[in-house]
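# Structural overview
Now for the letters of each chain:
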Amino acid sequence: MEFHNTHISSLSIKLVKEVLESTWVSEGKMVKSFEGKLSEQLGVVNPVATNSCTSALHLALVVAGIKPEDEVILSAQTFIASGLAIKMQGAKTVFADIEYETGNISPKSIREKITEKTKAIMVVHWSGYPCDMEEINNIAQEHKLVVIEDAAHALGAKYKGKAIGAVSRFTAFSFQAIKHLTTGDGGALCCIDKDDYELARELRWFGISRENSSPSILGERQYDIKEIGYKYHLNDVGAAIGIGNLSDFPVRLRKMQEIGKTYREELKNVSGLQLLELKNDREHAYWLFTMLVENRLNFITKLKECNIPTSVVHQRIDRNSVFGGITEGLINQEKFDEKQIAIPIHDGLTQEDVNHIIKTIKSGW
Ligand SMILES: Cc1ncc(COP(=O)(O)O)c(C=O)c1O
């Protein structure tokens, strides 16, 4: 049994073959089509396809005008990429606490961390369960802060009826190999504002506008770059994988959500195990099924003996020296870090696998 699976649809294989045969492997019509399909099918707004979620997060910070010495508030319950994107911009990472019941950033803790240097809040929808976006966007409005959602885990999630990717000024997705939808490696930055969208499109390719810079007689495009641009675009090979995988995505997402529902139903009364909170105003994308367990090492060992892989996936990132070491006083983060563990949830699992996982956990550890 695998902890994650990587899905490549037969349409992806067909489209990649077509792209390779055409020899147009750079950014072209496949990327444009992938972006169009992402917004049509998933309701995300103005997606700008990139070569990773890390570059999409960095691009959001650049477009938002985050400068060295600015402070960006984020939770430590994430992958190192979220914090590194802030560091890449020279800004300071300020770690807020999480809600113990979800692993998501706590709006109360965000308020406590705001200073006159705070410019943005980066939130992470841990495991694919949306953060308290209404409260967070209200805080941002009050203090004139930019909200960037790190939705690497949350493709297909919804908050109060809206797709994640249509809620805040910026949302970054990941299409890396083991994510819900892969393009090999890749990502997208969704921008609610049209101006942000236009700027993100330019900056993902050195700051050169592909549409508005025609080549001169000398053979190179005409441009005058005034600020640093990046090589962050997705290419047509990745986009072809993505388009193919988008066709299966709704069915696969439903399957993961069904497995999540079964786990919740079957594991809700297991002693020594706490399920994470699930409010009915949001839809979980279930990239992970994280739980809080007592005697975690025993739990991991028992499941391993029964051929069931488990993982914390990511531990608090503030322990890394690059951020200056552990932030004291993150009480919920500390408890969550000791108890959290995820079991497999993906569409490669058979009904027998799911039953085996449930039965093993119910038998104790
Ligand atoms: C929360 C979070 N943010 C960002 C990333 C980075 O994604 P990518 O590998 O597409 O850059 C990941 C990757 O796992 C992640 O889990």
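Computed from a predicted model, the values in this text were never measured in an experiment. (Residues numbered from 1 in each chain as written. Predicted model: local features only at pLDDT ≥ 70, side-chain atom pairs only at ≥ 80, totals over all residues.)

In this section: the sheet that holds strand 12 (residues 289-293). Overall, antiparallel pairing links the three strands, which are arranged 10-12-13 in an open sheet. Each of the sheet's edge strands pairs with one partner strand only, and the pair in question is strand 10 (273-275) and strand 13 (340-343). In this sheet, neighbouring strand axes are inclined to one another by 40° on average, regardless of whether the strands run parallel or antiparallel. With four bridges connecting them, strand 12 and strand 13 associate as antiparallel partners. Residue pairing across strands places M291 opposite I341, the latter belonging to strand 13. (Pairing = 2+ DSSP bridges. Helix = DSSP H or I, 4+ residues; strand = E, 2+ residues; numbered from the N terminus. Axes fitted to C-alpha atoms, helices over the stretch in contact; angles between N-to-C directions.)

Turning to the nonpolar core, a few remarks are in order. In this structure, A60, A120, I121, A172 and L189 are the most contacted members of the largest nonpolar core, which totals 102 residues. At ten residues, the largest contribution of residues to this core is made by helix 8 (residues 236-267). Looking at this core, you find at least three residues from each of domain 1 (10-247) and domain 2 (249-362). With residues near it in sequence (within four places) discarded, A172 still touches C53, A56, L57, A60, I148, E149, D150, A151, A152, G187 and L189. (Core = buried A, V, L, I, M, F, W, Y, C linked by C-beta atoms within 7 Å. Buried ≥ 20, exposed ≤ 12 C-beta atoms within 10 Å, placed from the backbone. Domains from an automatic or database assignment. Contact = placed C-beta atoms within 7 Å.)

A separate point is the packing of helix 3 (residues 53-63) against helix 4 (residues 80-88). The geometry of helix 3 relative to helix 4 is characterised by a closest axis approach of 9 Å and an angle of 40° between their N-to-C directions. With respect to each other, helix 3 and helix 4 are oriented oblique. In the crossing of helix 3 with helix 4, the sense of the turn from one axis to the other is right-handed. Contact residues: C53, T54, L57, H58 and L61 in helix 3; A81, S82, L84, A85, I86 and M88 in helix 4. Residue classes in the contact of helix 3 with helix 4 are distributed as eight nonpolar, three polar and no charged. (Parallel < 35°, antiparallel > 145°, perpendicular 65-115°, else oblique. Left-handed = near helix turned anticlockwise from the far one by under 90°. Nonpolar A, V, L, I, M, F, W, Y, C, P; charged D, E, K, R; others polar.)

This part takes up helix 7 (residues 194-203). Among the residues making up helix 7, those that are buried are D196, L199, A200, R201, E202 and L203. On its buried face, helix 7 sits against strand 1 (47-50), helix 3 and strand 9 (187-191).

Attention now goes to the domain arrangement of the protein. If you check the domain split of the protein, you get domain 1 (10-247) and domain 2 (249-362). Using C-alpha coordinates to define each centre, domain 1 is positioned 25 Å away from domain 2. Facing 35 residues of domain 1, the contacting portion of domain 2 comprises 28 residues. Listing elements by their share of the side of domain 1 that touches domain 2, those giving two or more residues are helix 4, strand 3 (92-96), strand 6 (158-159) and helix 8. Of the residues forming the side of domain 1 that touches domain 2, the biggest block, three residues, is contributed by helix 4. Tallied by class, the residues present in the side of domain 1 that touches domain 2 amount to 15 nonpolar, 13 polar and seven charged.

On to the site of the ligand. In the vicinity of the ligand, 14 residues are found, and the nearest of them are S52, C53, T54, A152 and S174. Considering only residue class, the shell around the ligand consists of five nonpolar, eight polar and one charged. (Near = placed C-beta within 6 Å.)

Now for the packing of helix 1 (residues 10-22) against helix 8. Running from N to C, helix 1 and helix 8 point in directions that differ by 155°, and their axes come no closer than 7 Å. Taken together, the axes of helix 1 and helix 8 are roughly antiparallel relative to one another. Seen from above, helix 1 lies across helix 8 with right-handed handedness. Only D236, V237, A240, I241, I243, G244, N245 and S247 of helix 8 make contact with helix 1, whose side of the interface consists of L11, S12, L15, V16 and V19.

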